[in-house]
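Spelled out, the chains give:
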Amino acid sequence: MPAYDASIGVVAPAEGGTITVQVVDGSVEIFGDSAGLRDLARMCLALSDVHAPEGAHIHLDARINPLDLGSASLMLARDQYRTG
């Protein structure tokens, strides 16, 4: 996992898997193939890097890897109000 680099932001190498995010009856459901789930996990790990600033985030939109065409958009963010 590359360390956080302020000049380029959060970088998480991708395998090219697929993720689908759905909101069903108020519940967020995330489905993915093995590679897609590992891609998502790497994004979370990148955001947890000690050098990533509070508020660092990654926007994931449908049709942009790893989200598939039918997916809802998703934002992953390092909480600026909590530490730990």
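One can find the structure itself at the top, above this paragraph.
Residues numbered from 1 in each chain as written. Predicted model: local features only at pLDDT ≥ 70, side-chain atom pairs only at ≥ 80, totals over all residues. Heavy atoms only, no water.

### What about the environment of Leu40?
Put simply, the rule reads: Counting from the N terminus, the helices are DSSP H or I runs at least four residues long and the strands are E runs at least two residues long. The classification of residues rests on relative accessible area computed with a 1.4 Å probe and restricted to protein chains. Under 20% of the type maximum is buried, over 50% is exposed, and intermediate values are partly exposed. It only takes one pair of heavy atoms within 4.5 Å for two residues to be counted as in contact.
Locating Leu40 in the fold gives a position in helix α1 (residues 34-47). Exposure remark for Leu40: the relative accessible area of 12% places this residue in the buried category. Residues Leu40 and Leu76, spaced 36 residues apart in sequence, show a C-alpha to C-alpha distance of 9.4 Å. Those residues in contact with Leu40, other than ones at most four positions away along the chain, are Ile19, Ile30, Leu60, Leu74 and Leu76.

### What to know about the environment of Leu76
By the secondary structure assignment, Leu76 is in strand β4 (residues 74-77). Along the chain, Leu76 and His57 lie 19 residues apart, while their C-alpha atoms are 5.5 Å from each other. Sequence-distant contacts of Leu76, that is, excluding residues within four places in its chain, are made with Leu40, Met43, Cys44, Leu47, Ala56, His57, Ile58 and Leu60.

### Describing the side chain of Thr20
As a reminder, the rule being used: As used in this structure description, the phrase polar contact means that two N or O atoms lie within 3.5 Å; if the pair is within protein, one of them must be able to donate a hydrogen and the other to accept it, and residues adjacent in sequence are counted only when both atoms belong to side chains.
By secondary structure assignment, the location of Thr20 is in strand β1 (residues 19-24). Polar contacts involving the side chain of Thr20 include one to the side chain of Asp68, which spans 2.5 Å. Those residues in contact with Thr20, other than ones at most four positions away along the chain, are Glu29, Ile30, Phe31, Asp68 and Ser71.

### Here we look at the pattern of salt bridges
Let me state the cut-off plainly: The term salt bridge refers to a pairing of a side-chain nitrogen on Lys or Arg with a carboxyl oxygen on Asp or Glu at a separation within 4 Å.
Counting across every chain of the model gives four salt bridges. As a salt-bridge pair, Arg42 and Glu15 come within 3.2 Å of each other at their nearest N and O atoms. Note that Arg42 is positioned in helix α1 and Glu15 in the segment before β1, a separation of 27 residues in sequence. Residue classification places Arg42 among the buried residues on the basis of a relative accessible area of 18%. Here Asp39 ties to Arg42 by a salt bridge, and the two come within 2.6 Å at their closest N and O atoms. Highlighted residues: Asp39 and Arg42, both in helix α1, separated by three residues, approximately one helical turn. One salt-bridge network, held together by shared partners, links Glu15, Arg38, Asp39 and Arg42.

### So, α1
Which entries qualify depends on this criterion: Multiplying one less than the number of residues by 1.5 Å gives the expected span of a helix. As used here, the arc belongs to the directions running from the helix axis to the C-beta atoms.
In a regular helix each residue adds 1.5 Å, so 14 residues correspond to 20 Å; α1 covers 20 Å between its end C-alpha atoms and thus fits that length. Buried within α1 we find Ala35, Gly36, Asp39, Leu40, Arg42, Met43, Ala46 and Leu47. One side of α1 holds all its buried residues, which, seen down the axis, span an arc of 155°. Summarising the geometry of α1, the exposed residues directed more than 90 degrees from the buried face are Ser34 and Leu45. Contact partners of the buried residues in α1: β1, β2 (27-32), β3 (57-60) and β4.

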